[in-house]
Amino acid sequence: MSTQPTLDPKLDLVFERYIDAPARLVWEALTKPEHLRQWYMPKAWGRVAHAEMDVRPGGIFRIDIAVENGDVVPNLGCVLDAVPMERLVWTSMLFPGYRPAVFDDVPITAIMTMAPEGSGTRYVFTALHRNEADLAANRESGWLEGTQIALDQLVAHIDAIK
């Protein structure tokens, strides 16, 4: 993925955080299951029941969530692009191996970028949606709030491991 897509505020959400840590630690926290379990799900809402990553194009991106009532919600996608310590792109529109996905959730394509900034890293998470209805559904479902909480947990987790 050599070019960034054109962002559309009617379809896309962008979250940014400055993380006072090197990109190497940010990358590890984003790609290692033992780290994902610590920050990916807002702690008050549930937990990560299973995490699996094969960080290469066509590889698996899987983070299953156990919610408050004990149900496990699968979250399976396909890695589209991976440049260590720079960029990770995955989508829930495809299953691993680029197989077409079928599911009942709102699909996204996620673009995660890291860039050195001062003594730390500028982390940007962009969520691309198919249409305005999908974006509205994610806003209404709590996904937007949950993503903001998870990003704060990511920063706190990285601070704890550095």
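Cut-offs applied
- Residues numbered from 1 in each chain as written.
- Predicted model: local features only at pLDDT ≥ 70, side-chain atom pairs only at ≥ 80, totals over all residues.
- Heavy atoms only, no water.
- Helix = DSSP H or I, 4+ residues; strand = E, 2+ residues; numbered from the N terminus.
- Rg over C-alpha atoms; globule rule 2.2 N^0.38 Å.
- Buried < 20%, exposed > 50% of the residue type's maximum accessible area, 1.4 Å probe, protein only.
- Contact = heavy atoms within 4.5 Å.
- Areas by Shrake-Rupley, 256 points an atom, 1.4 Å probe, with all protein chains shown as cover.
- Lys, Arg positive; Asp, Glu negative; His and termini not counted.
- Charge placed at Lys NZ, Arg CZ, Asp CG, Glu CD.
- Phe/Tyr/Trp six-rings, centres within 6.5 Å; stacked < 30°, edge-to-face > 60°.
- Core = buried A, V, L, I, M, F, W, Y, C linked by side-chain atoms within 4.5 Å.

A.B. asks: Please provide a residue-by-residue account of the overall build of the protein chain, values included.
C.D. replies: Along its length, the protein chain carries four helices and 10 strands. Tracing the protein chain from N to C terminus, the helices and strands come up as β-α-α-β-β-β-β-β-β-β-β-β-α-α. Relative to its length of 162 residues, the protein chain is compact, with a C-alpha radius of gyration of 15 Å against a globular reference of 15 Å. By principal-axis analysis of the C-alpha atoms, the protein chain measures approximately 40 × 40 × 30 Å. Expressed as a percentage of its 162 residues, the buried residues of the protein chain come to 46%. Sequence-distant contacts, at least 24 apart, represent 49% of the contacts inside the protein chain between residues at least 6 apart. When the accessible surface of the protein chain is summed, it comes to about 8,400 Å², and 52% of that surface belongs to carbon and sulfur atoms. The positive charge centre, built from 15 side chains, and the negative charge centre, built from 22, are 4 Å apart in the protein chain.

A.B. asks: Just give me the short version of helix H1 (residues 23-31), but keep the residues and values in it.
C.D. replies: For H1, the buried fraction is high: seven of the nine residues fall into the buried class. By the burial criterion, the buried members of H1 are Ala-23, Leu-25, Val-26, Trp-27, Ala-29, Leu-30 and Thr-31.

A.B. asks: Describe the packing of aromatic side chains, with residues and values.
C.D. replies: What the rule picks out here adds up to five aromatic pairs. With a centroid separation of 5.8 Å and 40° between ring planes, the pair formed by Phe-15 and Phe-125 is classed as tilted. One end of the pair, Phe-15, is in strand E1 (residues 12-19); the other, Phe-125, is in strand E10 (residues 120-128), with 110 residues separating them in the sequence. The exposure class of Phe-15 is buried, given its relative accessible area of 6%. On the accessibility criterion, Phe-125 (7% relative accessible area) is buried. Considering the side-chain rings of Phe-61 and Trp-90, the 4.0 Å spacing of their centres and the 10° angle between planes classify their relative orientation as stacked. Here Phe-61 is found in strand E3 (residues 60-67), whereas its partner Trp-90 is found in strand E6 (residues 87-91), with 29 residues between them in sequence. Exposure class is identical for Phe-61 and Trp-90. Each is buried. Ring pairing ties together the aromatic residues Phe-15, Phe-125 and Trp-143, which thus form one cluster.

A.B. asks: Kindly report on the nonpolar core, identifying the contributing residues and their values.
C.D. replies: Counting residues in each nonpolar core, the largest one holds 37 residues, and the members touching the most others are Ile-19, Leu-30, Tyr-123, Phe-125, Leu-154 and Ile-158. In this view, Leu-30 contacts Leu-36, Trp-39, Met-53, Leu-88, Met-112, Met-114, Tyr-123 and Leu-154; residues no more than four positions away in its chain are not counted.

A.B. asks: Describe the side chain of Thr-147, and please don't skip the residues or the numbers.
C.D. replies: Assignment of secondary structure puts Thr-147 in helix H4 (residues 143-161). Other than its neighbours up to four places away in sequence, Thr-147 contacts Phe-15 and Phe-125.

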